[in-house]
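# Descriptive structure summary
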Amino acid sequence: MDVKTIDIKDTKTTTMSGSEALVHCLVAEGADLIYGYPGGAIMPFYDELHKHQDKLRHVLTRHEQGATHAAQGFARVTGKVGVAVATSGPGATNLITGIADAQIDSTPMVCITGQVGSHLLGSDAFQETDIIGISTPVTKWNYQITRAEEIPEVLAKAFYIARSGRPGPVLIDITKDAQFAEFEFSYSKCEYIRSYTPVPQITETSLKEAAQLINTAKKPLIVWGQGVILGEAEKEFQDFVEKSGIPSAWTILGVSAIPTEHPLNVGMVGMHGNYAPNVLTNECDVLIAIGMRFDDRVTGSLDTYAKQAKVIHFEIDPAEINKNVYANVAVLGNSKESLSKILPLIEKREHTYWHQKFKDLYEIEYSKVIKNDITPTKEGLTMGEVVAQINKESNSEAIIVTDVGQHQMIGIRYASFNKSKSNITSGGLGTMGFALPAAIGAKMGAPDREVVAIIGDGGYQMTIQELGTILQTKAAVKIVVLNNEFLGMVRQWQQLFFDKRYASTDMVNPNFCKIAEAYDIEAQKVTKREDLAAAVHKMMASPDSFFLEVMVEKEDNVFPMIPTGASVSDIRLE
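All figures in this text were calculated on a predicted structure; none of them were measured in a lab.

One pass over the full model with this rule turns up one cavity of 30 Å³ or more. If you go around the largest cavity, the residues you meet are D373, L381, T382, M383, Q406, I410, N484, V552, E553, D556, N557 and V558.

Below you can see the structure in the form of structure tokens.
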């Protein structure tokens, strides 16, 4: 392993166990908060952790999946590497969903698993699982440590890989004997690995070609993704948008990079995105993609996606270039540096006529969809009006964590953001059960901000046990369950595409308020519109955790919608 290092002054060479070394490595990497669940194979580390509680806080989640999602939430709001810990066998395999989620959503995370003694590897020992083989497809890197002497170098490399370039999850599996063994410890941070180039070099040619297309475009469109946030390029991006005057749309992971109410922010693209940016994707003459990967939920049918446009792709990961959509110009590099360098090359423009087309289509969407979602006339409550009330009470300053389903699309469509890193959701994997533990991690990462978890009644029950983590930690998370007594998104598809055959989507739910109260969380249920505003106000005013259940229309659908495999131009408003 060819690793260039930086010495850390506060770590002198001394004899210690592998477990103690692991604690010191985590502290040296700036990890002051980790999530996990103990067990036999990782017990030596937990014993050492108990001795160093002043250096490293451990949060006991109620399930290992909860530990990964909490680490994700923490990472997403702080920009730091999240850390999750589990034992071998089922403990390790329970991490896989969160690891896969972090991989596809580019979340920096280091997972540490215990393993049976090295002499037992391959013997089918109690709670032995080949977690390296299992996790290889869903990690940025993984490694099994069998000797204590490997711990410092491997942990340094793990954190460097997790946070550098396009971030992602790393898994380190440590045998029990390696945790017990003693060795001469010293630690140095990793800053270079041979054959690993996390940030490709920006070429002047690509910048000039991109600027030429942008400056001559008559109907340009920007679509930005999470790469802007991961690259900490919010200011550079806003400067670029304002100077170019180009209408700018976002993917679900990109939202909040610039304020929702920014005049050049034209809304969300994708399956349940806004009408104008979806339709006009197939009318623009230059499509500028920044830090996004042309996911199928964004593009719809690739055969018809933006075929008339010249495509400029700003991207840190070379593997994403031409993977789904051909790029006429690829600008490789970190978004912060790329946007900073191209800014002097682009001309100040306004595109007044082109902007009017977005405004005209927005008015159509407002009259047919948005108005009915946020100011409904029907008797039952809608998800959109709940989100609108949360915006009002939070002054658009809250971190909104959404689970997966109809409420996710409504939540992201209508949540209003003034700050970056305010939208936390499971994008690529679509993990039900994500929101509650992720909200716990987000609150711990940003204790001075309000964190509101918006969850459906189905996804909530997948990780409802993490209410126990709130009970033990007193994390002041605000939980809103939008209860339509259905697996809503699946039911919507069954209605539209399976002749209303609602197979296994009708939910018989427990008394959610009693469950919350059992965990010492104040709870309230809303069934009438006239009670909503006061209930949301009470929740947001509470200094502690709060549970709010809102009974919403059972068979409301989320529109606009692009049917699977259809063109973005075929977006339906009803």
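After that view, the rundown keeps rolling.
A large share of strand β5 (residues 82-86) lies buried, amounting to five of its five residues. Here β5 shows a buried face lined by G82, A84 and A86 and a second buried face lined by V83 and V85. Pairing of strand β3 (residues 33-36) with β5 involves two bridges; the strand directions are parallel. Counterpart to Y35 in the pairing with β5 is A84. Here five bridges tie β5 to strand β6 (residues 109-115), and the two strands are oriented parallel to one another. Pairing of A84 across the sheet is with C111, part of β6.

Extensive coverage of helix α18 (residues 435-445) is indicated by the burial of ten of its eleven residues. Every buried residue of α18 is accounted for by A435, L436, P437, A438, A439, I440, G441, A442, K443 and M444.

Right, let's talk about the sheet that holds strand β7 (residues 141-145) for a bit. What the six strands build is an open sheet, ordered β4-β3-β5-β6-β8-β7; its pairing is parallel. The sheet terminates laterally at β4 (57-60) and β7, the two strands that pair on one side only. For this sheet, the mean angle separating the axes of adjacent strands, direction not counted, is 20 degrees. With five bridges joining them, β7 and strand β8 (residues 169-175) adopt parallel strand pairing. Looking at the pairing, Q144 lines up with D173 of β8. Of the strands in this sheet, β3 and β4 are in contact with α18, which crosses β3 at around 165 degrees.

The rules we used
Residues numbered from 1 in each chain as written. Predicted model: local features only at pLDDT ≥ 70, side-chain atom pairs only at ≥ 80, totals over all residues. Heavy atoms only, no water. 1 Å grid on protein atoms, 1.4 Å probe; cavity = no way out; pocket = protein on both sides within 12 Å on 5 of 7 lines; lining within 4 Å. Points joined across faces, edges and corners; volume = space filled by probe spheres on them. Buried < 20%, exposed > 50% of the residue type's maximum accessible area, 1.4 Å probe, protein only. Helix = DSSP H or I, 4+ residues; strand = E, 2+ residues; numbered from the N terminus. Pairing = 2+ DSSP bridges. Axes fitted to C-alpha atoms, helices over the stretch in contact; angles between N-to-C directions. Contact = heavy atoms within 4.5 Å.

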